[in-house]
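Here are the chains, one letter per residue:
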Amino acid sequence: MESLKKLDKNLVSRMYEGMLKIRHFEETQSRVFRAGEQEGFTHVYLGEEAIAVGACLNLNPDDFITSTHRGHGHMIAKGGDFKKMMGELYGRTTGSCLGRSGSLHIADRSIGMLGANGIVGDGNPIAVGAGYSILLRGTKQVVVSFFGDGATNQGTFHESLNMAASFNLPVIFVIENNGLSCGTITASVCKVLENLGDRSVAYGIPGENIDGMDVVEVYQTVEKAVDRARAGQGPTLVNCKTFRHHGHFEGDIDIRDEADINEALSHDAIKEFEERMLKECLITQQKIDEEHKRIQQLVDEAVEFARNSPLPKPEDAMKFVYAE
Amino acid sequence: MREIMHRDALREAIAEEMRKDEHLFLMAYDVGKYGGEHRISGNLYEMFGDLRVKDAPISEQGIVGCCIGAAITGCRSIVEIPFMDFMPLCMDMIVNQAAKLYHMFGGQMNVPMVILTAAGGYIRAAQQHSQCFEAWVAHVPGLKTVMPSTPYDAKGLMKTAINDPNPVVFIEHKKLLPMKGEVPEEEYEIPFGQADIKREGTDATIVATSYTVHLALQAADNLQKKGISVEVVDPRTLVPLDKATILESVKKTTKLVIVHDAHVTGGFGGEIAAIVADEAFGYLDAPIKRVGAKWTPIPFPSVMEDYVLPGLDDIEAAVREVVG
Ligand SMILES: Cc1ncc(C[n+]2csc(CCOP(=O)(O)OP(=O)(O)O)c2C)c(N)n1
């Protein structure tokens, strides 16, 4: 593992802050959801924070990301506003989508977050299109598409990688390989699960298999991919091995062995990053405690904000069917 | 006035709009040098180059998804799905993404794109190249559904479709594409939701769509000789639907026959019948008749296909029945 001292100090603190933001947001989200404060269902990103944060730290505000059903982390990493997000999760008019789509479709066009998606695998072709639009408009933007190991077995994965490769598009495909496809262990339905990045060979593009629990490794791998993309050298596939803390959705059963879960939980991305920072004297325990407190307070404020925000009018369901 | 074919009228519309908007592109397999499976794109590739007239892999989901991604990031596009029978492959993208994003994201992103396809039988193309799925499409809020029957309508509606800020499914017919009709040299648009009375009459109304408009007109000619005066109404767009013109015609003639080459069961004719029954029941002097494909897949040989698809005899019989 590389010394954090080699990295820009500011970058290290942004890595830490980004992961903490997702952690606190999602732990709170899990709690308020399970307490029955929100309707519907919700998938949280706990455990996978290093991927969204490491990847998005390479992006500019006008770059794009596409997301999945597990999209809160992506949105936070891309600069999402806690209040607009909680507003959305509570189905309130202050939400980024005016409270009309909730957890599953959280989106914020103003920060290039093109939407969480309820259809597994559909983010990839949309990312390809954002890439095509970049080509046509002649800008230097890039697109990062996040998706799970489960989504790699959709036809859209193949179609998208082939198109992005053939059209030489500035798209970085990031697999969040937690080994789970809802209630199915992906390894039982996918022979190459461990090194999904090798699938890149089939499309003639670079592929990487990395430790998705190491925010630095994610950052540096995606940095190379983004540089290539901006230089007009086309797409990259990055397979990030990771571990998800919770079951598929909040309140769902967990099909993994408890012993395996406990073993994995002992290698938490954030805890290990804190230990690294402490060991290298980049932070003090007191500062760590303060950071946790500061960010939790931001989340608490967002929850209060959402709770006190108005519900949409029923008839507003009829709005936004067609653009004028 | 000059006469040109449907396919040429469509190409003219596309070319005129592509000249005005450098971020408008056409994407599908075979649209490039080859000139399109139905020769719609023709020389557009020579006119606008590879980036804007883009040959794609045979990946319907990928292509439609790509155009959606481009739409929400500042471009417009026309996708060609050469046979409507292939549309089920990308129905997910059309229904779950294109039709939904504007509503889901609270108006943050709209999806301006045209999905151009050719439906219909009468060309001995057998079970997998003869279908009409307009009722599937018209069932989904967020989509607009266009079905022209003449080159004049095709051109004017295509220009409106391209400039519409929403996903438009533009349904051509394989029998119509080589058919000629009058088209002025100057530019024009035809607004959506305006039916066209293709022939005036007093004894019965036929509402027909796409190629069957021509069958209805021929049937009306034949019936005229027997003293029955038939009005032929072509809705031109199913969504939005010009209910007023249909209702007005039925109130005048007091009899209604609906014709399409889609299957009768679950076809859009049922919707029109229901509207008329609901809003003009008191004016009807006979039960509403629907004429369409019999309840079997469309077979290859002419002896079978002509039996299954609606023909002149079927239409004339239906009119004679309602006229009594
Ligand atoms: C097309 C489609 N099929 C199935 C589902 C139901 N579903 C939702 S998430 C999911 C598992 C996705 O697994 P993965 O892509 O690995 O993401 P993860 O949940 O592990 O983050 C399934 C089967 C769906 N939403 N969409």
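Use the structure listed above.
Residue positions are given per chain, counted from 1 along the sequence in the order it is written. Chain letters start at A and ligand numbers start at 1, both assigned in the order the entries are written. Residues qualify for local features only when their pLDDT is at least 70, as the model is predicted, and side-chain atom pairs are given and counted only at 80 or more; totals for whole chains, interfaces and linings, by contrast, use all residues. Side-chain descriptors were evaluated using all non-hydrogen atoms of the structure, hydrogens and water having been removed beforehand.

Let's talk about the state of the cysteines
Alright, step 1. Any cysteine sulfur atom paired with another within 2.5 Å is treated as part of a disulfide. Under the defined criterion, the tally for this structure stands at zero disulfides over all chains.
Alright, step 2. The structure places no disulfide on Cys66(B), whose sulfur is separated from the nearest cysteine sulfur, that of Cys67(B), by 5.2 Å.

Topic: the site of the ligand
Residues and elements named next belong to chain A.
Alright, step 1. Near, as used in this document, describes a residue that has one of its heavy atoms within 4 Å of the molecule or strand being considered. If you check the shell around the ligand, you find 16 residues, and the closest are His-69, Arg-70, Gly-118, Gly-150 and Asn-178.
Alright, step 2. Polar contact is the term for a pair of N or O atoms within 3.5 Å; when the atoms are in protein, one must be able to donate a hydrogen and the other to accept it, and sequence-neighboring residues count only if both atoms are side-chain atoms. One of the backbone nitrogen or oxygen atoms of Asp-149 is found 3.3 Å away from an oxygen atom of the ligand.
Alright, step 3. The separation between an oxygen atom of the ligand and a polar main-chain atom of Ala-151 is 3.1 Å.
Alright, step 4. Contact with the protein chains removes 72% of the 580 Å² of surface that the ligand exposes when unbound.
Alright, step 5. The distinction between a cavity and a pocket rests on a 1 Å grid over the protein atoms alone: a 1.4 Å probe fits inside a cavity but cannot get out, while a pocket stays open yet meets protein on both sides within 12 Å along at least five of seven lines, and a residue with an atom within 4 Å of a point counts as lining. To qualify as sitting in a cavity or pocket, a molecule needs more than half of its atoms within 2 Å of the grid points. When each cavity is represented as a set of grid points, the ligand is found to reside in the largest pocket.
Alright, step 6. For this classification, the nonpolar set comprises Ala, Val, Leu, Ile, Met, Phe, Trp, Tyr, Cys and Pro, the charged set comprises Asp, Glu, Lys and Arg, and every other residue, Gly included, is treated as polar. Counted by class, the shell around the ligand contains five nonpolar, eight polar and three charged residues. Each accessible area value is a Shrake-Rupley result obtained with a 1.4 Å probe; residue values ignore everything except the protein chains displayed when judging cover.

A word on unusual backbone geometry
Residue and element names in this part refer to chain B.
Alright, step 1. Across the junction of Val-239 and Pro-240, the peptide omega takes the value 0 degrees, indicating a cis bond.
Alright, step 2. Although it is not a glycine, Arg-124 sits at a positive phi angle of roughly 60 degrees.
Alright, step 3. Structurally, Arg-124 is set in the loop between β5 (113-119) and α6 (134-138).
Alright, step 4. In this structure, Ser-210 takes a positive phi of about 55 degrees despite not being glycine.
Alright, step 5. Here a strand is any run of E in DSSP of at least two residues, a helix any run of H or I of at least four, and the numbering for each starts at the N terminus. By secondary structure assignment, the location of Ser-210 is in the loop between β10 (204-208) and α8 (212-225).
Alright, step 6. In this scheme, a residue with accessible area under 20% of its type's maximum is buried, one over 50% is exposed, and one in between is partly exposed, where area comes from a 1.4 Å probe on protein chains only. On the basis of relative accessibility, which here comes to 1%, the residue Ser-210 falls in the buried class.

Let's talk about the environment of Asp221(B)
Alright, step 1. Summarising the element assignment, Asp221(B) is placed in helix α8.
Alright, step 2. On the basis of relative accessibility, which here comes to 38%, the residue Asp221(B) falls in the partly exposed class.

Section: the nonpolar core
Residues and elements named next belong to chain B.
Alright, step 1. For the purposes of this section, nonpolar cores are sets of buried Ala, Val, Leu, Ile, Met, Phe, Trp, Tyr and Cys residues that join through side-chain atoms within 4.5 Å. Among the nonpolar cores identified, the biggest contains 92 residues, and Met-27, Val-64, Ile-68, Met-87, Met-113 and Val-276 are the most heavily contacted of them.
Alright, step 2. Domain limits in this description derive from either an automatic procedure or a database domain assignment. Counting contributing residues, this core receives three or more from each of domain 1 (3-182) and domain 2 (196-323).
Alright, step 3. Beyond its immediate stretch of four places on either side in the chain, Met-113 contacts Val-64, Cys-67, Ile-68, Ser-77, Val-79, Ala-98, Asn-166, Pro-167 and Val-168. By definition, residues are in contact when any of their heavy atoms lie within 4.5 Å.

What to know about a nonpolar patch on the surface
Residues and elements named next belong to chain A.
Alright, step 1. Together, Ile-185, Ile-253 and Ile-255 give the surface a local cluster of nonpolar side chains, amounting to about 270 Å² of exposed area.
Alright, step 2. Tracing the chain through its elements places Ile-255 in the loop between β7 (236-241) and α8 (258-265).
Alright, step 3. When its relative accessible area of 34% is taken as the criterion, Ile-255 is described as partly exposed. Every patch collects residues that have over 30% relative accessible area and no salt bridge, joining them within 9 Å if they carry like charges and within 5 Å if they are nonpolar side chains (Val, Leu, Ile, Met, Phe, Trp, Tyr). Basic side-chain nitrogens of Lys or Arg form a salt bridge, by our definition, when they fall within 4 Å of a carboxyl oxygen of Asp or Glu.

Comments concerning the pairing of strand β7 (residues 167-173) of chain B
Residues and elements named next belong to chain B.
Alright, step 1. With respect to burial, β7 is a largely interior element, seven of its seven residues being buried.
Alright, step 2. Strand pairing is assigned whenever DSSP identifies at least 2 bridges connecting the two strands. Pairing of β5 with β7 involves seven bridges; the strand directions are parallel. The partner of Val-114 across the bridge, within β7, is Val-168.

Considerations on the pattern of salt bridges
Alright, step 1. The final tally for this structure, using the stated rule, is 38 salt bridges over all chains.
Alright, step 2. The salt bridge involving Arg256(A) is made with Asp254(A); its shortest N-O contact spans 2.8 Å.
Alright, step 3. When the shortest N-O distance is used, the salt bridge between Lys198(B) and Asp153(B) registers 2.5 Å. Of this pair, Lys198(B) sits in strand β9 (residues 196-199) while Asp153(B) is found in helix α7 (residues 151-163), placing the two residues 45 residues apart along the sequence.
Alright, step 4. According to the relative accessible area criterion, Lys198(B) is partly exposed, its value standing at 21%.
Alright, step 5. In this structure, a network of salt bridges that share partners links the residues Arg2(B), Glu12(B), Glu16(B), Glu17(B), Lys20(B), Lys155(B), Lys159(B), Glu185(B) and Glu187(B).

A few points about the sheet that holds strand β6 (residues 207-211) of chain A
All names here are of chain A.
Alright, step 1. Across the sheet, which stays open at both edges, the five strands sit in the order β1-β2-β3-β7-β6 with parallel pairing between neighbours. Of all strands in the sheet, those bounded by a partner on one side alone are β1 (64-66) and β6. Here the average twist between neighbouring strands, direction ignored, is 20 degrees.
Alright, step 2. Pairing of strand β2 (residues 143-148) with strand β3 (residues 171-177) involves six bridges; the strand directions are parallel. Bridge pairing in β3 places Gly-148 opposite Glu-176.
Alright, step 3. What counts as an axis is a line fitted to C-alpha atoms, over the stretch in contact for a helix, and the angles between N-to-C directions run from 0 to 180 degrees. Relative to the sheet, helix α5 (residues 123-137) contacts β1, β2 and β3, its axis offset from that of β2 by approximately 175 degrees.

A closer look at the interface of chain A and chain B
Often, the extent of an interface is quoted as the loss of accessible area upon association of its parts.
Alright, step 1. Between chain A and chain B, the residue contacts involve 40 residues of the former and 46 residues of the latter.
Alright, step 2. Note on terms: buried area is the combined drop in 1.4 Å-probe accessible area of two parts once they are placed together, counting the loss on both. Roughly 3,400 Å² is buried in total at the junction of chain A and chain B, and carbon and sulfur atoms are behind 66% of that figure.
Alright, step 3. When the buried surface of chain A facing chain B is broken down by residue, Tyr132(A), Leu136(A) and Tyr322(A) rank first, second and third, together holding 20% of it.
Alright, step 4. Summed over the shared surface of chain A and chain B, the result is zero salt bridges.
Alright, step 5. Where chain A meets chain B, there are 20 residue pairs in polar contact (both at pLDDT 80 or more).
Alright, step 6. At the level of secondary structure, the elements contributing two or more residues to the side of chain A that touches chain B comprise α5 and α6 (155-166) of chain A.
Alright, step 7. Per element, the largest residue contribution to the side of chain A that touches chain B is 10 residues, and it comes from α5(A).
Alright, step 8. For the side of chain A that touches chain B, the class distribution of residues is 22 nonpolar, 10 polar and eight charged.

Considerations on the environment of Ile22(A)
All names here are of chain A.
Alright, step 1. The residue Ile-22 is located in helix α1 (residues 9-34) in this model.
Alright, step 2. We classify Ile-22 as buried; its relative accessible area is 0%.
Alright, step 3. Separated by 23 residues in sequence, Ile-22 and Tyr-45 have C-alpha atoms that sit 7.6 Å apart.
Alright, step 4. Here Ile-22 is in contact with Tyr-45, Glu-49, Ala-52, Val-53, Gly-73, Ile-76 and Ala-77, once residues within four sequence places are set aside.

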